[in-house]
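# Per-entry structural report
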Amino acid sequence: MSHYDSMQAAQARIIGDFRSDTVTRPCAGMLAAMAEAPLGDDVFGDDPTVTKLEAEVARLLGKQAALFLPTGTQSNLVAALSHCGRGEEIIVGRSYHLFADEAKGASVLGGIGFEPLDTEANGALDPEAIAAAVQPDDPHQAISRLLALENTVAGSAIALAQLQDCALVARKHGLSVHLDGARLFNAAASLGCRVGDLASVADSVSLCLSKGLGTPLGSVLAGDSALIARGRRHRKLLGGGMRQVGLVAAAGLYALAHNVERLIEDQRKAERLAQSLARLPRSGDGAWLCHQATNMVFVTPPKGQGEALLRHLANAGLLAGGAPRLRLVMHKDVDEAAVAALGQSILTFAGVEGD
Ligand SMILES: Cc1ncc(COP(=O)(O)O)c(C=O)c1O
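First, a word on scope: everything that follows refers to the structure included in this document. Remember, predicted model here, so these are calculated numbers, not experimental data.

This next bit is on the sheet that holds strand S5 (residues 143-150). Spatially, seven strands are ordered S2-S8-S7-S6-S5-S3-S4 in an open sheet, and the strand pairing comes out mixed. Here the strands that pair on one side only, and so sit at the sheet edges, are strand S2 (65-69) and strand S4 (113-117). In this sheet, neighbouring strand axes are inclined to one another by 20° on average, regardless of whether the strands run parallel or antiparallel. Those strands touched by helix H3 (residues 48-61) are S2, strand S7 (204-208) and strand S8 (219-223), and its axis lies near 125° from that of S2. Each of S2, S7 and S8 touches helix H11 (residues 225-237); the most contacted strand, S2, lies at about 20° to it.

Laid out in structure tokens, this is it:
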């Protein structure tokens, strides 16, 4: 069997890939939209499909302008570089992607410091902790410049009022506000509001198109025209200026038209999975922990069983992320049957009898 054939065979055995919502493949309609997109050279500013996507995201988020970027990491980095100068500092959640999972790019490339804060149980920041983290006007200290929020945080949708309380403290101290909204549409679907409402608290917002929205790549940073003009320079500096990239922007436009309304279905799948796992033992030595938030379910088996559970699921064609706490993410490419199989497979591993 060739390497290609064995890869195909392995793919064929996968019933559901729950590692992340980034694993989705473009559907036929999205591919057709990509093939038909009018193109130009976006570095020269004349790719009409990119321009259309940027205008659409700016409109949805209630901002003056927007910028198309290849990844969420580059979008957050461009935002940090566009808000802050060397020797300035970002106040951010300790678990937030911008601080925890982006290789401290803002520090490495921009001389920007971080002031990480512990988050509340739901992933939000505490306004009092933000106020306490703002540096005094003192030459011994870095200059606090930016508050970086996130929504959703590990699946948890943060309500507008909580975001507003944080942003208010930031503004009182003269800080700008950035919102990493990689999954902002999941938050809005869960909270029953518009993404524009959640975006209103921030000066800049980063959205990912390649997570629940299902494009192969792409993120968009939105903000006022001056910030986005600075962002355009930083994107080029980072090697993110792309040419006939309307090919990918077309996937983004397709996703905004077809894949937003359905996000609540992903949350329903996660809720059903969590319900089926309610029969796991919850007390004593063999206790399991289970937590659901928007399209994600987190499952912690009894101590030392995480790797074995991952292998058990993989043998059944079910891919999950992480151990000891498994992350199970719902998206458009996992169907109800796969979700039911996942629930059953976890119960079988735990030795819980079927119905
Ligand atoms: C909250 C959040 N922000 C930013 C990113 C970065 O996105 P990318 O993987 O496109 O760089 C991720 C990726 O998972 C994320 O979860």
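There is more to say, and it comes next.
Before going further, it helps to examine the environment of Val 220. Looking at where Val 220 falls in the secondary structure, it is placed in strand S8. Sequence separation of Val 220 and Val 57 is 163 residues, and the distance between their C-alpha atoms is 7.4 Å.

By volume, the largest pocket is sized at about 480 Å³. Forming the boundary of the largest pocket are 27 residues, of which His 97, Asp 101, Glu 150, Arg 183 and Arg 327 lie nearest the centre. Listing elements by their share of the lining of the largest pocket, those giving two or more residues are helix H4 (72-83), helix H5 (97-100) and strand S10 (296-300). If one sorts the elements of the lining of the largest pocket by residue count, H4 sits on top with three residues. Residues lining the lining of the largest pocket come from more than one domain, with at least three contributed by each of domain 1 (28-258) and domain 2 (262-350). Reported here for the second largest pocket is a volume of approximately 220 Å³. Taken together, 11 residues form the lining of the second largest pocket, with Ile 14, Asp 17, Val 23, Arg 25 and Asp 333 sitting closest to its centre. Of the residues that constitute the lining of the second largest pocket, the class distribution is four nonpolar, three polar and four charged.

The rules behind the values
Residues numbered from 1 in each chain as written. Predicted model: local features only at pLDDT ≥ 70, side-chain atom pairs only at ≥ 80, totals over all residues. Heavy atoms only, no water. Pairing = 2+ DSSP bridges. Helix = DSSP H or I, 4+ residues; strand = E, 2+ residues; numbered from the N terminus. Axes fitted to C-alpha atoms, helices over the stretch in contact; angles between N-to-C directions. Contact = heavy atoms within 4.5 Å. 1 Å grid on protein atoms, 1.4 Å probe; cavity = no way out; pocket = protein on both sides within 12 Å on 5 of 7 lines; lining within 4 Å. Points joined across faces, edges and corners; volume = space filled by probe spheres on them. Domains from an automatic or database assignment. Nonpolar A, V, L, I, M, F, W, Y, C, P; charged D, E, K, R; others polar.

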